[in-house]
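Here are the chains, one letter per residue:
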Amino acid sequence: MLISRHFLYFIFLGLFWGLSQSLYKAMALQDMPISHVIVYAGFGVGLGLMVAARISGTRLDFSREVLVFGLGCAILLNVPFAIGLYLIRHLPATEMALIVSTAPFFNYMIALATGRENAVPRRLLAVAAGFASSAVLILSREGMLSGQISWWTLAAFSSPIMYTGYNWFAAHFWPKDRDVYSIGASESFWSGLVAVPFMLYFAVPGGPATPELLAYWTVLVAGILWIIERIAFFTLIRDKGAVYTIQAVYVSTPAAVLFAILSYGGGADIWLWLSLSILMLALWLNNTGSAVRPVAATQPSS
């Protein structure tokens, strides 16, 4: 039963990550202020997780350790999230989806630098393939033969690089014996609180930057899905570790491209499909054969 639950969480996580870039593109098309997304979704997801905890019979724990961990998660999550929401206004959802999917390679590089991983030839080859996939995507966006580089595409790689810090922090500093509802609610409430000053300064509610009420359907849908995503993500991080959890990109990468094409069309030329093919090869190399490590070695530190 436990394995089945983890598998379902894994599949949902991959599908939601795949859908998310299309949702974020919809927010951009509605001119949704980034601070509104973080504040309203943060408080909404936090309340949703509290309700889910009550339904499941889980007693919430907002101890100092949980609150400090939640604050760290909120900051490390929302900086790359905000950057991604801004950059997707200038990029097709298909491209952003591929870029975010390079996170496992940056995870491995950070693990090498911090001594938490050994240099495995197969995984080093995967990193090389991952960068080859990125190079194809970057150099082909404004014309391969002209030698131009899409600086928006290049800048977008800052998002998965910073998400690596979030994944490492969540796995390494998970408070011992704490439940996912308390951790998720703490992170979500902190996300909303930290973003409130930015909202009041850049896009005060009711001001000129506020879109019509119906435009907030994207935030509502994303918020509902985020509640499930936070439960799935933190459960997998706690029980399986960051390396296992990040493998959900096997599901999210092709799903993201397909969702984006179905939602917005265009943006899918031969170079994008080539980049996707190389990226899937890199992900396979990164998580199979001699690259695979025992699950016990990926457990979060206590």
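Details of the structure are given in the entry above.
Q: Looking at this structure, I do not really get the overall build of the protein chain. What am I missing?
A: When helices and strands are counted, the protein chain shows 13 helices and zero strands. Split into buried and exposed, the 302 residues of the protein chain put 51% on the buried side. Accessible surface for the protein chain amounts to roughly 13,900 Å². Of this, 71% is attributable to carbon and sulfur atoms.

Q: Teacher, can you tell me more about the pattern of salt bridges here?
A: For side chains of opposite charge, pairing can occur when their charged atoms come near one another. Inspection of the entire model under this criterion finds five salt bridges. In this structure, the salt-bridge partner of Glu-187 is Arg-230, at a minimum N-O distance of 2.9 Å. Taken together, the residues span a long stretch of sequence, with Glu-187 in helix α9 (residues 180–202) and Arg-230 in helix α10 (residues 217–239) at a distance of 43 residues. The class for Arg-230 is buried, based on a relative accessible area of 8%. A salt bridge links Asp-239 to Arg-238; its shortest N-O distance comes to 2.8 Å. Judged by its relative accessible area of 23%, Asp-239 is partly exposed.

Q: Any chance you could explain the packing of aromatic side chains here in plain terms?
A: Describing an aromatic ring pair means giving the distance of the ring centres and the angle of the ring planes. A full pass over the atoms with the stated rule returns 16 aromatic pairs. Arranged with centres 5.8 Å apart and planes meeting at 15 degrees, the rings of Tyr-166 and Phe-233 form a pair that is stacked. Of this pair, Tyr-166 sits in helix α8 (residues 158–172) while Phe-233 sits in helix α10, placing them 67 residues apart in sequence. For the pair Tyr-166 and Phe-233, a shared accessibility class is recorded, and that class is buried. Here the aromatic residues Trp-17, Phe-69, Tyr-166, Trp-168, Phe-169, Phe-173, Trp-174, Phe-233 and Phe-234 are joined through ring pairs into a cluster of three or more. Between Arg-230 and the ring centre of Phe-234, over which it is positioned, the NZ or CZ distance is 5.0 Å.

Q: Please clarify how a nonpolar patch on the surface should be interpreted in this entry.
A: Nonpolar side chains collect at one region of the surface, where Ile-75, Val-79, Val-194, Phe-198, Tyr-201 and Phe-202 lie side by side and expose about 650 Å² of accessible area between them. Where the nonpolar patch is concerned, the elements lending two or more residues are α3 (64–87) and α9. The element contributing the most residues to the nonpolar patch is α9, with four residues. As for its position among the elements, Val-194 is in helix α9. Here Val-194 falls in the partly exposed class, since its relative accessible area comes to 36%.

Rules behind the numbers
Residues numbered from 1 in each chain as written. Predicted model: local features only at pLDDT ≥ 70, side-chain atom pairs only at ≥ 80, totals over all residues. Heavy atoms only, no water. Helix = DSSP H or I, 4+ residues; strand = E, 2+ residues; numbered from the N terminus. Buried < 20%, exposed > 50% of the residue type's maximum accessible area, 1.4 Å probe, protein only. Areas by Shrake-Rupley, 256 points an atom, 1.4 Å probe, with all protein chains shown as cover. Salt bridge = Lys/Arg side-chain N within 4 Å of Asp/Glu carboxyl O. Phe/Tyr/Trp six-rings, centres within 6.5 Å; stacked < 30°, edge-to-face > 60°. Lys NZ or Arg CZ within 6 Å of the ring centre and 35° of its normal. Patch = residues over 30% accessible without salt bridge, like charges linked within 9 Å, V, L, I, M, F, W, Y side chains within 5 Å.

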